[in-house]
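# Coordinates in review
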There are 2 protein chains.
Amino acid sequence: MVVLPKKALRPRTVGRLSIYRRVLNQLLENGSVHIFSRDLATLAGVSASQVRQDLMNVPACGTPQHGYSAIELLLSVNRCLGTTTRASTVLLGAGHLGQAILAHFQATQPDLEMKAVFEVDPALVGQRLHNITILPLTDLEYQLRLIKAKVAILAVPSNVAQILAEQLVNAGICSILNFTPIRLQLPQHVYVEDNDIQTSLERVAYYATAPMNQGVNA
Amino acid sequence: MVVLPKKALRPRTVGRLSIYRRVLNQLLENGSVHIFSRDLATLAGVSASQVRQDLMNVPACGTPQHGYSAIELLLSVNRCLGTTTRASTVLLGAGHLGQAILAHFQATQPDLEMKAVFEVDPALVGQRLHNITILPLTDLEYQLRLIKAKVAILAVPSNVAQILAEQLVNAGICSILNFTPIRLQLPQHVYVEDNDIQTSLERVAYYATAPMNQGVNA
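As a starting point, this report considers the structure included with it.

Thresholds, definitions, all that
Residues numbered from 1 in each chain as written. Chains lettered and ligands numbered in written order. Predicted model: local features only at pLDDT ≥ 70, side-chain atom pairs only at ≥ 80, totals over all residues. Heavy atoms only, no water. Buried < 20%, exposed > 50% of the residue type's maximum accessible area, 1.4 Å probe, protein only. Helix = DSSP H or I, 4+ residues; strand = E, 2+ residues; numbered from the N terminus. Arc of directions from axis to C-beta. Contact = heavy atoms within 4.5 Å. Core = buried A, V, L, I, M, F, W, Y, C linked by side-chain atoms within 4.5 Å. Salt bridge = Lys/Arg side-chain N within 4 Å of Asp/Glu carboxyl O. Buried area = accessible area lost by both parts, 1.4 Å probe.

## Considering helix α2 (residues 37-44) of chain B
All names here are of chain B. Turning to α2, its buried residues are Ser37, Leu40, Ala41 and Ala44. Buried positions in α2, seen along its axis, are confined to an arc of 105° and lie on one side of it. When the buried face of α2 is taken as reference, the exposed residues oriented beyond 90 degrees from it are Arg38 and Thr42. Contact partners of the buried residues in α2: α1 (11-29), β1 (34-35), α3 (48-55), β3 (67-69) and α4 (70-80).

## Topic: the nonpolar core
Judged by nonpolar contacts, the single largest core of 106 residues is most densely connected at Leu73 of chain A together with Leu73 of chain B. Setting aside chain neighbours within four positions, we find Leu73 of chain B in contact with Leu24, Ile35, Leu40, Leu55, Val58, Cys61 and Tyr68 of chain B.

## Focus on the pattern of salt bridges
Tallying each qualifying case throughout the model produces 10 salt bridges over all chains. Note that Arg22 of chain B is salt-bridged to Asp196 of chain A, the shortest N-O span being 3.6 Å. Taken together, the positions of Arg22 of chain B in helix α1 and Asp196 of chain A in the loop between β10 (191-194) and α8 (197-207) put the pair across two chains. Of the residues examined, Arg22 of chain B reaches a relative accessible area of 23% and is grouped as partly exposed. Classification of Asp196 of chain A by relative accessible area gives buried; the value is 15%. Here Asp54 of chain B ties to Arg16 of chain B by a salt bridge, and the two come within 2.6 Å at their closest N and O atoms.

## Some words on the interface of chain A and chain B
Contacts between the two partners involve 74 residues from chain A and, on the opposite side, 74 residues from chain B. Counting each side, the surface lost to burial between chain A and chain B is near 6300 Å², with a carbon and sulfur contribution of 62%. Between Glu202 of chain B and Arg21 of chain A there is a salt bridge, with its nearest N and O atoms 3.2 Å apart. Put simply, the parts of the chain that give the side of chain A that touches chain B at least two residues each are α1 (11-29), α2 (37-44), α5 (96-108), β8 (151-154), β9 (175-178), β10, α8 and α9 (210-213) of chain A. At 11 residues, the largest contribution of residues to the side of chain A that touches chain B is made by α8 of chain A.

Okay, structure coming up:
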């Protein structure tokens with residue numbers, strides 16, 4: 001369980017603010033200049049009261065009654081999410097999942113700067129992926145300190161997830177996106193976001209079969 | 001909120017059983033024949049009492065005291081998760097994220113049979129991805145009924161997610177893996193698994209910056 005300081009936003013709030021930001025970007029691209037919280041709510045797929053509550057975390061630039069300037073609200077959300085600097089990020093695992101994540105990463109340009117990719121398989125080490133050379137895992141802690149990495153994306157086999165995560169934390173990583181199914185045991189100051197695609201796929205498979213369909217509305 | 005029938009396992013239980021299955025497969029590959037629940041717990045990263053509670057859903061083939069035959073436990077978990085038939089599955093969205101998901105899908109072979117990929121961009125329609133021809137979204141409902149699709153993976157832009165999800169449900173889809181950030185409003189019998197990679201990335205970026213690091217342990 002991560003202990004959040006009083007001033008930090010809760011993970012769900014951060015998630016929704018990042019969705020609002022995407023909606024606002026889309027609106028601005030489409031030429032909108034003004035937005036009401038109820039419209040933002042509809043476009044983000046959440047309730048209007050949830051939007052109003054979330055926007056209390058964002059320095060005021062409008063009101064629920066009179067609406068918001070789309071560009072000012074976007075800039076304010078950006079400041080709130082701290083996107084003025086892009087955190088140095090590394091990817092562990094250049095296998096199939098790692099490559100897919102890196103490709104998605106490069107295409108969507110999140111608030112992260114990908115600095116290095118590490119991999120244990122000697123056949124992959126030395127190759128280049130999206131202009132980044134794949135490094136061996138043996139150099140991990142040294143390299144992490146060298147590039148002052150703060151964020152790591154973990155896309156390695158389950159059996160090495162915990163030991164690598166401990167090395168990451170030793171070398172200064174404070175935020176981990178964990179694509180393995182392992183629940184990492186790490187110090188409380190480290191934020192871990194679990195995203196297990198394999199388990200997601202197996203769950204939708206399960207609920208597509210008999211138990212879910214029979215008598216669900218009974 | 002999905003209403004689960006009495007006999008259906010809860011989503012978190014399904015997720016853990018799918019993790020146990022991966023651990024058991026790994027153990028069998030490494031030559032293990034017998035396993036204790038406490039070892040399964042360690043390897044899966046959960047507590048021993050959680051494993052014992054989960055295995056109460058699996059037809060008995062051992063006990064916590066005497067351990068389990070790894071192969072019998074694996075087969076029993078497989079039966080429990082209903083993996084004797086692979087549900088017909090479609091992917092909506094052949095953009096960058098869709099292609100990454102499909103590649104991951106093909107590599108890991110989940111309990112799903114990918115039958116079709118749909119895309120709105122005319123430049124992509126007609127191309128082949130991993131031996132599957134990309135179809136236009138205009139044919140969606142007709143094609144879904146034709147192939148008796150039960151599962152859909154949604155990797156489309158946010159602004160079309162809700163309307164496409166409604167078409168999916170009209171055509172018989174009962175389980176959706178939603179990679180968009182939109183919270184879909186759908187009938188209760190439909191299972192929706194949300195997996196928003198973009199939001200995951202933005203959350204780890206947020207917690208890598210000042211608010212999370214200051215005074216976390218204060």
